[in-house]
Amino acid sequence: MSYVILALVLFTLGVYGVLTSRHLLKIFLFLEVMTAAANLLIGAFAAYNKINAVLGQIFIVVVWAVSVANTVVFVTLAIYLWKKFGTVNIDALREMKQ
Amino acid sequence: MVTVTFYIFSAFAIVSLWMMLRTRQLVHAIAWFAVFLIIIAIFFGLLRAPFLALGQLVIFTGGMVAILLIGISFSGIDIKVGNMPAKQGWYKIVSLFFLLTLFVSIKLFFAKNTMELPVQRLSVQLFGAYWPILAFIMLMFLAALLSAVYFLKKEEK
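The paragraphs below set out a description of the structure included in this document.

1. A closer look at the overall build of chain B
- In terms of helices and strands, chain B carries six helices and zero strands.
- Buried residues in chain B amount to 39% of all 157 residues.
- Residue pairs at least 24 apart in sequence account for 73% of intrachain contacts in chain B once pairs closer than 6 positions are excluded.
- By element, 72% of the accessible surface of chain B is carried by carbon and sulfur atoms, the whole surface being about 9400 Å².

Below, the structure written as structure tokens:
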């Protein structure tokens, strides 16, 4: 139960960070925090599942792969936006779009 | 011992996220993010999942943080993220964190029967029954790298 509450708190802080941050890469950091909180919850459930604990861990490995691929694409996108528009502030980018 | 460690590092995880929110420099936010990832690895260690703990340290705390820092330093992206004043005395929290990490690492290293799920069993499953997942992971990395090259080449044109 403690891990569930902790994962919930961490996920909530991640959501708060995503909603309040304006820098593109900082938003990405908080998205990764949310992913880590979800991973922690899956890991806790896998640890307390005595029948098939391997499955939960393999699922976490797959989520890691998606996260790392996501990082490469996100950092490249941030570099692309910085070179093209000179900013990675989402408010400024939204104004440019309008 | 495990319960006390869990509560102490829970507090550290929340503090590290709060510092991530408060900091005005992106590099500091990434440093606090690395601290948060180390704490998650410790939680995996407490859950008796050594493979996940090591993977978290190597892939995330090592790889992802390095990718972010290299991307920022080579592209010159603006690292100022807010107007909040920088907090003084954060080094005390970091020092306390590393001392606690060292203490827990030593305790876990000398603990007996901490591995409930041996890494060998996990690797047999991962490279045996779940090999399509590994192939999927490799395709994911390839797609991510090709996307990155496409974006950067498009910018050059």
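2. A word on the interface of chain B and chain A
- Residue-level contacts link 57 residues of chain B with 52 residues of chain A.
- When chain B packs against chain A, the two sides together hide about 5100 Å² of surface, and 84% of this comes from carbon and sulfur.
- Applying the counting criterion to the chain B and chain A interface returns three residue pairs in polar contact (both at pLDDT 80 or more).
- Within the residue set of the side of chain B that touches chain A, elements represented by two or more residues are α1 (2-22), α2 (26-46), α3 (50-75), α5 (119-127) and α6 (131-156) of chain B.
- For the side of chain B that touches chain A, the element with the highest residue contribution is α6 of chain B, accounting for 13 residues.
- Looking at the side of chain B that touches chain A residue by residue, the class counts come to 42 nonpolar, nine polar and six charged.

3. Observations regarding unusual backbone geometry
- For Arg 48 of chain B, which is not a glycine, the phi torsion comes out positive at approximately 60 degrees.
- Tracing the sequence through the fold places Arg 48 of chain B in the loop between α2 and α3.

4. A word on the side chain of Ser 10 of chain B
- Within the secondary structure layout, Ser 10 of chain B lies in helix α1.
- Residues contacting Ser 10 of chain B, with those up to four places away along its chain left out, are Leu 6 of chain A together with Phe 43 of chain B.

5. Let's talk about the side chain of Lys 26 of chain A
- Relative to the elements of secondary structure, Lys 26 of chain A occurs in helix α2 (residues 24-48).
- When its relative accessible area of 5% is taken as the criterion, Lys 26 of chain A is described as buried.
- A polar atom in the side chain of Lys 26 of chain A sits 3.3 Å from the backbone oxygen of Leu 21 of chain B.

6. Side note on α3 of chain B
- Across its 26 residues, α3 of chain B extends 36 Å between first and last C-alpha, which sits within 8% of the 38 Å expected from 1.5 Å per residue.
- Positive phi appears at Gly 76 of chain B, one or two residues downstream of α3 of chain B, with a value of about 70 degrees.

7. What about the nonpolar core?
- Counting residues in each nonpolar core, the largest one holds 66 residues, and the members touching the most others are Leu 10 of chain A together with Phe 36 and Phe 43 of chain B.
- At the level of secondary structure, the elements contributing two or more residues to this core comprise α1 (2-20), α2, α3 (53-85) and α4 (90-97) of chain A together with α1, α2, α3 and α6 of chain B.
- Ignoring anything within four residues of it in the chain, the contact list for Leu 10 of chain A reads Val 33, Ala 37 and Leu 40 of chain A together with Ala 13, Ile 14, Leu 17, Phe 36 and Ile 40 of chain B.

8. Comments concerning the packing of α2 of chain A against α1 of chain B
- Where α2 of chain A contacts α1 of chain B, the two axes come as close as 11 Å, and the packing angle between them is 165 degrees. Taken together, the axes of α2 of chain A and α1 of chain B are roughly antiparallel relative to one another. Here α2 of chain A and α1 of chain B pass one another in a crossing that is left-handed. Note on element contacts: α1 of chain B touches α2 of chain A through Leu 17, Met 20 and Leu 21 of chain B, opposite Lys 26, Leu 29, Phe 30 and Val 33 of chain A.

What counts, and where the lines are drawn
- Residues numbered from 1 in each chain as written.
- Chains lettered and ligands numbered in written order.
- Predicted model: local features only at pLDDT ≥ 70, side-chain atom pairs only at ≥ 80, totals over all residues.
- Heavy atoms only, no water.
- Helix = DSSP H or I, 4+ residues; strand = E, 2+ residues; numbered from the N terminus.
- Buried < 20%, exposed > 50% of the residue type's maximum accessible area, 1.4 Å probe, protein only.
- Contact = heavy atoms within 4.5 Å.
- Areas by Shrake-Rupley, 256 points an atom, 1.4 Å probe, with all protein chains shown as cover.
- Buried area = accessible area lost by both parts, 1.4 Å probe.
- Polar contact = N/O pair within 3.5 Å; in protein donor to acceptor, adjacent residues only side chain to side chain.
- Nonpolar A, V, L, I, M, F, W, Y, C, P; charged D, E, K, R; others polar.
- Expected span 1.5 Å × (residues − 1).
- Core = buried A, V, L, I, M, F, W, Y, C linked by side-chain atoms within 4.5 Å.
- Axes fitted to C-alpha atoms, helices over the stretch in contact; angles between N-to-C directions.
- Parallel < 35°, antiparallel > 145°, perpendicular 65-115°, else oblique.
- Left-handed = near helix turned anticlockwise from the far one by under 90°.

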